[in-house]
Amino acid sequence: MFFSEYRARRMRRNATIRRMVRETHLRVDDLIYPMFSAFGKGIKKEISSMPGIYQQSIEHIVAEAKEVHELGIPAVILFGIPEHKDPLGQDAYSETGIIQQTIRAIKAEVPELQVITDVCMCEYTDHGHCGVIKDGDVDNDATLQLLAAEALSHARAGADLVAPSDMMDGRVAAIREILDANGFSHIPVMSYAVKYASAYYGPFRDAAESTPQFGDRRSYQMDPANRIEALREAELDVQECADFLMVKPALAYLDILRDLKEHFNLPLVAYNVSGEYSMIKAAAEKGWIDGERVMLETLVGMKRAGADLIITYHAKEAARLLR
Ligand code: PBG
Ligand code: ZN
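Residues numbered from 1 in each chain as written. Chains lettered and ligands numbered in written order. Predicted model: local features only at pLDDT ≥ 70, side-chain atom pairs only at ≥ 80, totals over all residues. Heavy atoms only, no water.

*Asks:* Tell me what's going on with the pattern of salt bridges, and back it up with residues and numbers.
*Replies:* When charged atoms on two side chains of opposite charge get close, those side chains can pair. Tallied over the entire structure, the rule returns 17 salt bridges. For lysine 316, the salt bridge is made with glutamate 67, and the minimal N-O distance between the two is 3.2 Å. With lysine 316 in helix H11 (residues 315-322) and glutamate 67 in helix H2 (residues 58-70), the pair connects residues that are 249 residues apart, well separated along the chain. Taking relative accessible area as the criterion, lysine 316 reaches 14% and is therefore assigned buried. Across the pair glutamate 262 and arginine 258 runs a salt bridge whose closest N-O atoms are separated by 3.7 Å. Taken together, the residues span about one helical turn, with glutamate 262 and arginine 258 both in helix H8 (residues 254-263) at a distance of four residues. Given the relative accessible area of 31%, arginine 258 is considered partly exposed. One network of salt bridges, in which partners are shared, links Arg27, Asp29, Asp30 and Lys303. (Salt bridge = Lys/Arg side-chain N within 4 Å of Asp/Glu carboxyl O. Helix = DSSP H or I, 4+ residues; strand = E, 2+ residues; numbered from the N terminus. Buried < 20%, exposed > 50% of the residue type's maximum accessible area, 1.4 Å probe, protein only.)

Now the structure itself:
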């Protein structure tokens, strides 16, 4: 098989044959839409670095959840902005916390939509770290108890899946144990198994008001230079009974998605994070790129790399184009 007998262009001649030989398909079913639920009423505040994405009070969240469901998107992932923050992030595991109220409101109106909750402390602590501080650093084992309490309270409020994003060691097991002990053995854990200490989270921290007030997250999130360590992190979560594995961010870590796909047999999630969204939006606004085409190419690239599902702020736009 060599030129000029074999000609690869034969398979690209028209749109129909290209459709026939297409290897990767982006579907509405692959998408998960993130939302930011803010304490209060009548709030709908656009995040300046994330055009089209809002901090919203519950009535607006519910309205958007309906829209998401009507577009055929199967799930949302919720982040909360509480009224009060404190050193122990108490709103995170309060029965009347912002997320608990939001879950109940969404499930009452759009019961079929799967509600995933982000399980972490950074949106609820006054210091902005993902756990309890001891001697200037996050204390792993003390944090596990709070994360477990948070996951349980989300399940009690009606969450369909819980997604720990804190990067503490042992959190998946701690969450699995408390859920099982309280009648929630049917609730899956979607683990942010491989989460890097990334500058791509910048716009999210504006949205969730979760910037650390001192230091950074490098003592718990992974070093962007590491690949073998990603397999170790994923392996631990598999042993602790995670139901989904996630890689985050996605765009600069497509090799890690491929590695996890090849080594593990759990559904794999890519988190197309805030900074990745903002870059496309900003360049498109300037007229430097075709935003829609770059978005779809980016998302299909994540699927080609190995992702089964993609958490993305583009979910609604993508769903409209894919219909
Ligand atoms: C909380 C959390 C973060 C993101 C998801 N969950 C931020 C962080 O770890 O600082 C980032 C999402 C995004 O950038 O879109 N731990
Ligand atoms: Zn966090």
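*Asks:* Tell me about the confidence of the model for the protein, and please be specific about residues and values.
*Replies:* Residue-level pLDDT values for the protein average 97, and 100% of them are 70 or greater. Mean pLDDT across the elements of the protein bottoms out in helix H6 (residues 202-208) (92) and peaks in strand S12 (residues 309-312) (99). (pLDDT = per-residue confidence, 0-100.)

*Asks:* Quick rundown of the coordination of the zinc ion (ligand 2)? Include the residues and the values.
*Replies:* Within the first shell, the zinc ion (ligand 2) binds the protein through Cys120 (SG), Cys122 (SG) and Cys130 (SG), at distances of 2.2 to 2.3 Å. Bound by four donor atoms, the zinc ion (ligand 2) shows angles of 99 to 121° at the metal and therefore tetrahedral coordination geometry. (Donors = N, O, S within 2.8 Å, 3.2 Å for Na, K, Ca; no water. Tetrahedral: all angles 85-135°; square planar, octahedral: opposite > 155°, others 65-115°.)

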